[in-house]
Each structure stands twice: as C-alpha cells, then as structure tokens.
Amino acid sequence: MDLIAKLPVVAATIYRNTYRDGKGVGAVDENRDWSANYCSMLGFEDPQFTELMRLYLTIHSDHEGGNVSAHTTHLVGSALSDPYLSFAAGLNGLAGPLHGLANQEVLVWLQKLGKHLGDNYSEDQLKEFIWKTLKSGRVIPGYGHAVLRKTDPRYACQREFALKHLPEDPLFKLVAAVYKVVPPILTELGKVKNPWPNVDSHSGVLLQHYGFREMNYYTVMFGVSRALGVLAQLIWSRALGFPIERPKSMSTELLMKQLAH
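Looking at an unreviewed UniProt entry, the protein carries the name Citrate synthase, with the source organism given as Eumeta variegata. Comment text from UniProt for the protein, heading Sequence similarities (unreviewed entry), reads "Belongs to the citrate synthase family." As its UniProt record puts it under Subcellular location (unreviewed entry), the protein is described as follows: "Mitochondrion matrix".

And the structure:
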C-alpha cells in the first residue's frame, strides 16, 4: 500500500525533472482520488484528461499474471524479496519493446502512416500500405496478443472514450480506419492467430490528444498502473504460501532426444 501510494509522486517528479521546470509536485490532496492527484502533480488539470487517466490506470493495471512484468514481479517476490525490489524487477521487464514499450512503437508507426497517406486517403490506399508492410516482413504494431483471441476489451473501452470525447481527432480517425482494414487482411494472410487490436493500438493516441506528447514517459505511466495488479498478486502469493519459483532445466541428453524427433 505504501509503494502504490508513493508511485504517483515519484513518477510525477521524474516527469517534471525531465520535461518541465523541475519544481516540486506539491502535496497530495486527500480529497482527490489517485488519478486526479497524479494528473495534478504532472501539471494537467483538464477534467477530461483526469477521466482518461482513471481509465488508463485501471485497464493497464494487469489482466493476467503471465505477462512479463507481472511474472517477473512474482518470480522475484517468490524469493521473499522486498516488494519494492520485486516491483523494480517487473518494471525492467515492462521496458521492453514487446511489452510496455509497445504503445510507443504503435504511435511512431501511426505517425509515419499518417505522414505517408496525408489527410485525404482512401481505404484502398490504406490496404496497399498494410500489404506492403506485411510483405516486407514487418508486422502491424498493436495487433495480435499472446493470450486473447478477440478484440482486446481494453482497446474497446478506449475506443468508446475516443468516440465520446475526440471523434474528430486525426490520429483517432486513422486508428479507426486501420481497425477496419487490418483484421481482414491478417485473417487472409492466414499466419496470425489473433488478427485483432490490443490495448497498445489506442493508448498513445489518446494521450497525444490531450497534449501529453512525451512518449518516452509512457512506460513510466504504465508502471504506475501495473503496480495495482502485480502487488495485489504478490500479497496473494505470500498469503497462500506459494513456494519459490524454480523453472526446470533441460539436460544436453534430453535436448538431443528432442532433436532426434
């Protein structure tokens, strides 16, 4: 509980030191919720942005324990390491481009796509760009998921927020257009188990709309949110007396047998 309470202050201080004037974040207002205090400390007072952050911090908290950051926190915590150390380990995993850094990858790709297509583009032009991307051996960022086999519900609720508050935003319109054409193309390709968008397809676009443009900081925000899930799991692991994790090793003999098959 102490760690969860301190994180917005620490994260906001990082933001102000890196991107703003470096001045203190001010005192926590006990009459405001976790999200509202975090936004205020960051320097954002727009009520819509605060509402977006309530959504963001909820949906990025954790959706299953097998992802890299959640599993790493659990793994280090299984050695009875301090929760601060366990969470720090999880954040190191969150920083990878296939995990917490993915929303930045999506945003960079969308910006390049928008620059290439311009403001007035047809669905056929968009399809042509998608096919060229795939045929060049690259993937479509923000699509697919290791577990889900349908549109990520976290994507869906962000889309609902965007339709309500920023339906005319150019980047949101591009995200919506991509959502319309990519799943059928990936299905036709036949190599993708999940052709649907994931949470990262949308989050960066929403943050950009409200003037939060420092995308290198997005993973820090992700970490603030992820603490809610992974630290709750850590408590349950301790309460249930889960043993230390010890992945099985494979001997050279066993590997040779596998290769023989």
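Student: Could you clarify how one ought to interpret the nonpolar core in this entry?
Tutor: Counting 55 residues, the largest nonpolar core has Tyr-38 and Phe-212 as its most contacted members. Per-element accounting of this core gives the leading share, 10 residues, to helix α9 (residues 170-189). Once you skip the residues sitting within four places of it in the chain, Phe-212 turns out to touch Tyr-15, Leu-42, Phe-44, Phe-49, Leu-207, Tyr-217, Tyr-218 and Met-221. One finds Leu-3, Leu-7, Ala-70 and Leu-231 within the second-largest nonpolar core, a separate group that totals nine residues.

Student: How should the packing of α9 against helix α10 (residues 200-209) be read in this particular structure?
Tutor: Think of two packed helices as two axes; the pair is described by the angle between the axes and how far apart they sit. Where α9 contacts α10, the axes come no closer than 9 Å and their chain directions differ by 170 degrees. Judged by the angle between their axes, α9 and α10 are roughly antiparallel. On α10, the residues touching Leu-171, Phe-172 and Val-175 of α9 are Ser-201, His-202 and Val-205. Broken down by class, the residue content of the contact of α9 with α10 amounts to four nonpolar, two polar and no charged.

Criteria and cut-off values
- Residues numbered from 1 in each chain as written.
- Predicted model: local features only at pLDDT ≥ 70, side-chain atom pairs only at ≥ 80, totals over all residues.
- Heavy atoms only, no water.
- UniProt positions renumbered as here; feature names shortened; annotations may be inferred.
- Core = buried A, V, L, I, M, F, W, Y, C linked by side-chain atoms within 4.5 Å.
- Buried < 20%, exposed > 50% of the residue type's maximum accessible area, 1.4 Å probe, protein only.
- Helix = DSSP H or I, 4+ residues; strand = E, 2+ residues; numbered from the N terminus.
- Contact = heavy atoms within 4.5 Å.
- Axes fitted to C-alpha atoms, helices over the stretch in contact; angles between N-to-C directions.
- Parallel < 35°, antiparallel > 145°, perpendicular 65-115°, else oblique.
- Nonpolar A, V, L, I, M, F, W, Y, C, P; charged D, E, K, R; others polar.

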